[in-house]
Amino acid sequence: MKKEDLFELLGEIDEGILNETGKSCGMENKEITNRTKITKNEYNSDKVQESAVETRIEVYHHKFNWKAIAAAAACFVIGTVSVTLVLSKNNSTSNPADNPEKTGLINTKSPNQTLLRLIILQAMN
Amino acid sequence: MDDRNIVKMLWNRDESAIGIISDKYAKYCNAIARNITGNKEDAEECVNEAYQKVWQSVPPNKPPSLKNYIGKITRNLAFNMYARSCSEKRGGNSFDSVLDELEECLHSSGDDTESEFYKKELIKEINDFLWSLPSDKRKLFVSRYWYADSMKDISLRYGISENNAAVSLQRIRTKLRKYLNERGYNI
């Protein structure tokens, strides 16, 4: 068999195979190049740029769930406030005798006086 | 317009069908013809002749795919024109390389059996082989050896380098030759 005969014979391959290869086959190179150019022009055009920005904004909106963020922020604020309140309450109700240095009950320069004051305090309690 | 309606128009001998076919498939047919003849004028002549052939052959034929039908006619006409131009020593286009590549599938001491039965059996085997290939390889083979697309076009279409396409096609040809040899076809 000659190569020409084989080429002719290949003309008889299944239509299913031909259909699968698709519309693009048999297209001239010029058309493919033009198609690429059009795509580039389209990309550079303002319309496409605008639509790209719109798409980006859409993505941004979809990405962030504002309700969830607001709920998380509220939880943080409530948590911080309640912890602060609890701590301040604890400080105000604490016995000065529990922290004598801060309350000025201890005079580090005269330990005897300090001891006396502590004994008095204990007696008062 | 739908292909079925165009075929109906042809069956009703409505001449406007040719105009519709031309609008729909002129580019497609021109590309096939130009790939093979390598010449714009020859390609246009082939395409016009193809329209004529379609007009003459439908009816009695009722092609399921008008695109494939007219594509095949154009391919055959373009190939005949190429053969004529070769005999007149006007050849020397890029289509020569397509044929040279196909020669690799042939056995050097191949049989010269060219009966219709033999050819039918052979094309059946080739079809089976093509169906056994992955889809992308099959498309590559059809682009090159049915549409006679250039390596440049193929590389652009499938997003691969020309070298990559050439290597893939060479592997397919080797496989095809082995496949046919295993089945007793020493073509």
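Just above, that's the structure.
About the thresholds
Residues numbered from 1 in each chain as written. Chains lettered and ligands numbered in written order. Predicted model: local features only at pLDDT ≥ 70, side-chain atom pairs only at ≥ 80, totals over all residues. Heavy atoms only, no water. Helix = DSSP H or I, 4+ residues; strand = E, 2+ residues; numbered from the N terminus. Buried < 20%, exposed > 50% of the residue type's maximum accessible area, 1.4 Å probe, protein only. Areas by Shrake-Rupley, 256 points an atom, 1.4 Å probe, with all protein chains shown as cover. Phe/Tyr/Trp six-rings, centres within 6.5 Å; stacked < 30°, edge-to-face > 60°. Lys NZ or Arg CZ within 6 Å of the ring centre and 35° of its normal. Core = buried A, V, L, I, M, F, W, Y, C linked by side-chain atoms within 4.5 Å. Contact = heavy atoms within 4.5 Å. Buried area = accessible area lost by both parts, 1.4 Å probe. Salt bridge = Lys/Arg side-chain N within 4 Å of Asp/Glu carboxyl O. Polar contact = N/O pair within 3.5 Å; in protein donor to acceptor, adjacent residues only side chain to side chain. Arc of directions from axis to C-beta.

Enquirer: Lay out the overall build of chain A with the relevant residues and their values.
Expert: Secondary structure summary: chain A contains seven helices and zero strands in total. Relative to its full complement of 125 residues, chain A shows a buried share of 17%. Of the roughly 9800 Å² of accessible surface on chain A, 60% is carried by carbon and sulfur atoms.

Enquirer: Which residues make up the packing of aromatic side chains, and what values go with them?
Expert: Summed over all chains, the structure comprises ten aromatic pairs over all chains. An angle of 85° between the planes, with centres 4.7 Å apart, marks the rings of B:Y82 and B:F95 as edge-to-face. Residue B:Y82 is located in helix α4 (residues 66-87), and its partner B:F95 is located in helix α5 (residues 95-103); the two are separated by 13 residues in the primary sequence. By the burial criterion, B:Y82 is buried, and B:F95 matches it. Joined through ring pairs, the aromatic side chains of A:F7, B:F79, B:Y82 and B:F95 make up one cluster. Between B:K62 and the ring centre of B:W11, over which it is positioned, the NZ or CZ distance is 5.2 Å. The ring of A:F7 has B:R75 sitting right over it, with the charged end atom 3.8 Å from the ring centre.

Enquirer: How would you summarise the environment of B:A17 if you had to cite specific residues and measurements?
Expert: Secondary-structure assignment places B:A17 in helix α2 (residues 16-37). Residues B:A17 and B:M1 lie 16 residues apart in sequence; the distance between their C-alpha atoms is 9.9 Å.

Enquirer: Break down the nonpolar core for me, citing the residues and quoting the values.
Expert: Counting 65 residues, the largest nonpolar core has A:I13, B:I21, B:I36, B:F95 and B:I126 as the members making the most contacts within it. The element contributing the most residues to this core is α4(B), with nine residues. With residues up to four places along the chain from it excluded, the contact list for B:I21 reads B:I6, B:L10, B:A26, B:Y51, B:V54, B:L66 and B:I70.

Enquirer: Outline the interface of chain B and chain A, listing residues and values.
Expert: Each partner contributes to the interface: chain B provides 48 residues, whereas chain A provides 31 residues. Note on chain B versus chain A: buried area summed over both sides is about 3900 Å², and carbon and sulfur give 61% of it. If you sort the residues of chain B by the area they bury against chain A, B:N68, B:F79 and B:R157 come out on top, with a joint share of 13%. Across the contact surface, chain B and chain A share three salt bridges. Here B:R138 ties to A:E20 by a salt bridge, and the two come within 2.7 Å at their closest N and O atoms. Linking chain B to chain A there are nine residue pairs in polar contact (both at pLDDT 80 or more).

Enquirer: Now, about α5(B): what can you tell me, with residues and values included?
Expert: What α5(B) keeps buried is the set B:F95, B:V98, B:L99, B:E101 and B:L102. Down the axis, α5(B) shows its buried residues gathered within 155° of arc, on one side only.

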